[in-house]
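Observations on the three-dimensional arrangement
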Amino acid sequence: MIGRTAGVLGEVGQRIRTLITLAYAVCCDETPLRVGPRSPAAGKKKAERYLLVACTDLYTHYLLGDRSLTTFKASVVAELAASGSVIVHDRYQNYDSTTLGALVHQLCTAHLLRDLADAAQVYPDAIWPVQIAAALRALIHHANQAREQGHDTIAVDVREELLRRLRDGRAVGLSDTTSHGTRPGERKARLLLEVLRDREADVLRFVEDLQVPPTSNQAERDLRPSKIQQKISGRLTSEKRTQDRYTILGYVSTAAKHGIDKITALRDALTGQPWMPALPTPA
């Protein structure tokens, strides 16, 4: 029944994928899944696959594969690069590969804040991790507030003051870690500061463009069902059937984001009459 239902959803899945590639900003993430044989394949350390998600607040698309560039090329990432969409993601290296095209990045600020919290533990007497994190949180708050109030930008005086605090903290951190030691976390903290310096546009794109979400939390939410399934059911046996499961979940998730009852959407798919998301109205 899972295979039959996924087969009915082929056209719907392609429509969802297409609509995601047309979106202005898309959240992406990936998570390991225990799927297939228990013994690792030749050259692999773990017997697992990866589930990739690309999503917006209206659409969800899953792809089962691994963390290789081959899988990333098969996902929507290359198409998003071609369309000029902003991709909100963690700092996984594949997103920076030139083989995927010229991506427009927004680095997930939730991940950056976690790393800043780690840096504060490595350097407990330093002010810069706390100062940078506070400025970044305030920028996120004011961006969300401006968006909710229908404004195009954050108030200039507020934005410039917060950016000054962030950059001052970053400068102090870079100075303090020039000759960092070998304690756990010191190298990571230094690399984080270099990202904040060298990729400032990718870190703060949400400040200049309120259409860009500051975090990839939407993608993490859409991956949560897979994590729950792994805790409850453990390893899935068939890769093909697992992809079918996530074809169905992508459809149900997208329907729910459009205000449609999940059970109703699933029943319609089971009876061969699935709900179909509408194409955008031509401008």
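A few points on the structure. (Residues numbered from 1 in each chain as written. Predicted model: local features only at pLDDT ≥ 70, side-chain atom pairs only at ≥ 80, totals over all residues. Heavy atoms only, no water.)

**Digging into the packing of helix α12 (residues 239-257) against helix α13 (residues 262-270)**
Working note: a packed helix pair is described by the angle between its axes plus the distance between those axes. For the pair α12 and α13, the least separation of the axes is 9 Å and the interaxial angle reads 135 degrees. The pairing of α12 with α13 is recorded here as oblique in orientation. For α12 against α13, the interelement crossing comes out right-handed. Taken together, the residues of α13 that come into contact with α12 (itself represented by I248, Y251, V252, A255 and A256) are K262, A265, L266, D268 and A269. (Axes fitted to C-alpha atoms, helices over the stretch in contact; angles between N-to-C directions. Helix = DSSP H or I, 4+ residues; strand = E, 2+ residues; numbered from the N terminus. Parallel < 35°, antiparallel > 145°, perpendicular 65-115°, else oblique. Left-handed = near helix turned anticlockwise from the far one by under 90°. Contact = heavy atoms within 4.5 Å.)

**Some remarks on the environment of R241**
Along the chain, the position of R241 falls in helix α12. In this structure, the C-alpha to C-alpha distance between R241 and A82, residues 159 residues apart in sequence, is 31 Å. When neighbours within four sequence positions are excluded, R241 is seen to be in contact with I2 and G3.

**Points about the pattern of salt bridges**
Across all of its chains, the model carries 24 salt bridges by this definition. E30 is paired through a salt bridge with R67; the nearest N and O atoms lie 3.3 Å apart. Of the two residues, E30 is situated in strand β1 (residues 25-33) and R67 in the loop between β3 (60-65) and α3 (69-74); the sequence distance between them amounts to 37 residues. Overall, the relative accessible area of 9% leaves E30 in the buried class. Classification of R67 by relative accessible area gives partly exposed; the value is 28%. (Salt bridge = Lys/Arg side-chain N within 4 Å of Asp/Glu carboxyl O. Buried < 20%, exposed > 50% of the residue type's maximum accessible area, 1.4 Å probe, protein only.)

From the geometry alone we can't say anything about function, so treat these as descriptive.
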